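Architecture at a glance
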Amino acid sequence: MTNTADSLTADTESCTIPVTGMTCAACSGRVQRTLEQTAGVATANVNLMTGAATVAYDPEVTSPARLVDTIRSTGYGAELPVAEESSEELLDAQDAARAGEIRELWRKFLVSAVAGVLMMVFGMTGDRGATDAMRYLQLAVTLPVVGWAGRHFYTRAWAALRHHGADMNTLIAVGTGAAFLFSAGVTLFDDWFAAHGVEPHVYYEAVVWIIGLVLLGNLLEARAKAQTSGAIRRLIGLRATTARVVRGTGEEEIPLAALRAGDEVLVRPGETIPADGVVLDGASNVDESMLTGEPTPVTKRPGDPVIGATLNRTGAFRFRVERVGRDTVLSRIIRLVQQAQGTKAPVQRLADRISSVFVPVVLSIAVVTFVVWFDLGPAPAYLQALVSAVTVLIIACPCAMGLAVPTAVMVSTGRGAELGVLIKGGEALERSQEIDTVVFDKTGTITEGHPAVQAVEVAPGAERAIGLDETRLLALAAAVERLSEHPLAEAIAAEAARRGAPAPRAGGFENRTGRGVVGMVEGLRVAVGNAALLRELGLDPAPMAARAGEQASRGYTPIYVAVDDHLAGLIAVADPVKPTSRAAVEALRRQGIEPVMLTGDDRRTAETVAREVGVPRVVAEVPPDRKLEEIRALQAEGRVVAMVGDGLNDAPALAQADVGIAMGTGTDVAMESGAITLMRGDPLGVVTAIDLARRTMRIIRQNLFWAFVYNVVGIPIAAGVLYPAFGLRLTPAMAAAAMAVSSVSVVSNSLRLRRFTPKGQP
Amino acid sequence: MTSPQIAVTLLGLAAVAWINWYFFLAGRSSATAVADGGLQRVRVEVKGGYTPSVVRVRAGVPVRLEFHRDETNTCTEEVVLPDFGIRTFLPAHRTTPVSFTPAEGTYEFSCGMGMVRGKIVAERKA
């Protein structure tokens, strides 16, 4: 991606287009080639894993829409990237709709409550429904409740019915409708009913209270639901609105949408950084807590990356914009969280299956309840039958079932994002709670990942035999290592540069995975690697083995250097352990999770680091291509394995693990490769993620249990199963109160996750 | 048993049968997507349910479902396509497009609570 940004010139623009249907590297290769051959395209980079094409193009020759057509011509799917505003607009629309709904529910509830109180006053006069006049008075009070406050229950139920659907509204509409129609019939045609032996009994008070309580329940539920998406709203709100761009000698404040990659932007203390980029000059401390969860401000100097939407604290600096719009870290986080909230946890399947048949089943139970009371109940049987059937309809609460899982997933993924823990969705949450083994890919997770040379030693005799000194040894090793991507290579190159060693060119480079590298430098064959590499080249590491052992026991990684047929020397490199590694390992072990350290380093170095942080199990000397097999081996032991890595070099192992945890720092995060992404390189994030997953699943289980048991217990009691033995029955108003409490309690329980705080942090 | 009791019992049984037939077996509307320049578009009316509730599309070709929510019933305010990681709010009385490319198979879509449901059937040949 950075290639694209670097190659951007003044007259090219960049866009990222989601590509669908690619299944292998050949697919992405084909799309990329086609794009590269398209007129106006400067560079194209198609990423199979993220399913996206990043294209730098000349806006005068082509456009994103034409690029989409080009990609489609290859047989794969592409869509114009949806404007970032659209999700924001939808959230705004949702906010507005929710606010309107809450206002309306509130008004409707007030009217119902006033009517309910009036009904109670009527009841106290002692002739509740006993006289004709009182029945008409009650009907008059009930009409606005049924006809206005509760009207939407009936219209919505009718709309659903026409589509062969049934929901909560159906139950309320049928329940209150039956009670109301019966009461109205008795009121208006009392003579006819009396002639047929039906007592003039009315249920207006029940109707009013049911509607009032259900409205109150809906009102509380709407308010609680509005809070479940609070985290994503806060994330969107972090975005800056303008940027101060350096133009020529002056500066100019431009709207964020006009900002382009390559622009130079000035940031003053207290300002929000408008986009992702790299500091050019100046220095400051930047608060990145809102995106990474890192509580202490991060020092920024020239060359350091800055993340858009983070807050500049102390100093002023100038930075070059590298990513804007959809490609920024913030936008990717928002997208990831929104996608996560769109997924379903497997545990929801049962709830879904119940939800989809719930209402028709309850309607059937209500009919059976009516029949049984009518046939077997005490006199007047038809009244008992009616009341019991209505109570069944009202107490049943499909909403609690439907809200149990999604609200918890919403709140949890949102809270995770605030803590710098991005969870891919319900399935990732569910699997994370079962983790019993956490494998750390040592470099960059337990250790800093920025190794430094600790010692350089020339082999005895080598100085004389091939005229080597320490600086020359470093220079030769650096020349070869520069061509490899090994993290230790950087350390050697940096040390060579620091000592002012000239950097000769190397050729004939050969990467011997897991052992080292070989190359030709100024006519010499230079090999840099471990003891196995030496043996492979027919050389004996013995003369320096004791020194290597000593260095390894200090936690350094000894690297052998051979020049032609001579063992030339040893370079000791160490990667310091992160300050929180030990605490993270301890916290995992306290939770009954076994930490395992996986590394390509030699056994003694690895064991020293493992001892330092308290990891009991070490798998050392594992070449990158065998990491995946080590994960498989652990899984074969029946373990549920989480793998923590940088997500770049160990993507296959992350994919093989039951839960892949990609750990990055700031802008440099492979967000898409893990089931969980940690926005900062703190191993305590692993503990936070697992802890959050466990708590979320506990909340989900509580919710499901409550929703399930509530209905399984409530419906039979409402139907009257306790009546024959204990004479116990519920009134419809009691059922309405229970139903209102039921769905609100599920949402409120999920909202408890908003207060989740990681252990060991304030 | 008295004759009213027999009548109510028979009526009750008939009602239960009708409820189960009407909600589980009767009437499923289905529509096949219209291809439009490599994009398959289907308009789905959201009002008490999804019309059509079964959408037939070609596998591997981008699909755009245009949800037109013509009601304020909060039950249908969100649509979820879990297989594609989509959960979107549908503003009332507006059309909200949702895009994805399905592989061969059957995918469910539903309201936020999973009560109102629809199906996408992606076939190799449509």
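Overview of the structure. Keep in mind that what you see is a predicted model, and the values were worked out from it rather than measured.

1. Things to note about the overall build of chain B
Across its full length, chain B carries one helix and eleven strands. Taken against the 2.2 N^0.38 rule, which gives 14 Å for 126 residues, the C-alpha radius of gyration of chain B at 19 Å runs more than 25% over that of a compact globule. For chain B, the spread of C-alpha atoms along the principal axes amounts to about 70 × 35 × 20 Å. Looking at chain B as a whole, 54% of its 126 residues qualify as buried. A total accessible area of about 5700 Å² is found for chain B, and carbon and sulfur atoms account for 56% of it. Treating the 14 positive side-chain charges of chain B as one cloud and the 11 negative ones as another, the clouds have centres 3 Å apart.

2. As for the environment of Tyr154(A)
All names here are of chain A. For Tyr154, the position within the fold is in helix α6 (residues 151-162). A relative accessible area of 22% places Tyr154 in the partly exposed class. Distance in space between the C-alpha atoms of Tyr154 and Ala166 is 12 Å, their sequence separation being twelve residues. Residue contacts for Tyr154: discarding those within four places in its chain leaves Val146, Ala173, Thr176, Gly177 and Ile211.

3. A word on a positive patch on the surface
Residues and elements named next belong to chain A. The grouping of Arg698, Arg701, Arg752, Arg754 and Arg755 at the surface amounts to a positive patch. Inspection of the secondary structure assignment puts Arg754 in the segment after α29 (732-751). A residue is classified by how much of its surface remains accessible, and Arg754, at 39% relative accessible area, is partly exposed.

4. Examining helix α19 (residues 470-481) of chain A
Residues and elements named next belong to chain A. Compared with the 16 Å implied by 1.5 Å per residue over twelve residues, the 16 Å span of α19 between its first and last C-alpha is a close match. Most of α19 sits inside the fold, with nine of its twelve residues counted as buried. Turning to α19, its buried residues number three or more, namely Leu473, Leu474, Ala475, Leu476, Ala477, Ala478, Ala479, Val480 and Glu481.

5. Some points on the pattern of salt bridges
Pairing between side chains becomes possible if they bear opposite charge and their charged atoms approach one another. Tallied over the entire structure, the rule returns 49 salt bridges over all chains. The partner of Arg234(A) in a salt bridge is Glu418(A), with the nearest N and O atoms 2.5 Å apart. Here Arg234(A), found in helix α10 (residues 230-237), pairs with Glu418(A), found in helix α15 (residues 398-418); they are 184 residues apart in sequence, far enough to count as distant. Taking the shortest distance from any N to any O, the salt bridge between Glu78(B) and Arg87(B) comes out at 3.1 Å.

Each value, and the rule that gives it
- Residues numbered from 1 in each chain as written.
- Chains lettered and ligands numbered in written order.
- Predicted model: local features only at pLDDT ≥ 70, side-chain atom pairs only at ≥ 80, totals over all residues.
- Heavy atoms only, no water.
- Helix = DSSP H or I, 4+ residues; strand = E, 2+ residues; numbered from the N terminus.
- Rg over C-alpha atoms; globule rule 2.2 N^0.38 Å.
- Buried < 20%, exposed > 50% of the residue type's maximum accessible area, 1.4 Å probe, protein only.
- Areas by Shrake-Rupley, 256 points an atom, 1.4 Å probe, with all protein chains shown as cover.
- Lys, Arg positive; Asp, Glu negative; His and termini not counted.
- Charge placed at Lys NZ, Arg CZ, Asp CG, Glu CD.
- Contact = heavy atoms within 4.5 Å.
- Patch = residues over 30% accessible without salt bridge, like charges linked within 9 Å, V, L, I, M, F, W, Y side chains within 5 Å.
- Salt bridge = Lys/Arg side-chain N within 4 Å of Asp/Glu carboxyl O.
- Expected span 1.5 Å × (residues − 1).

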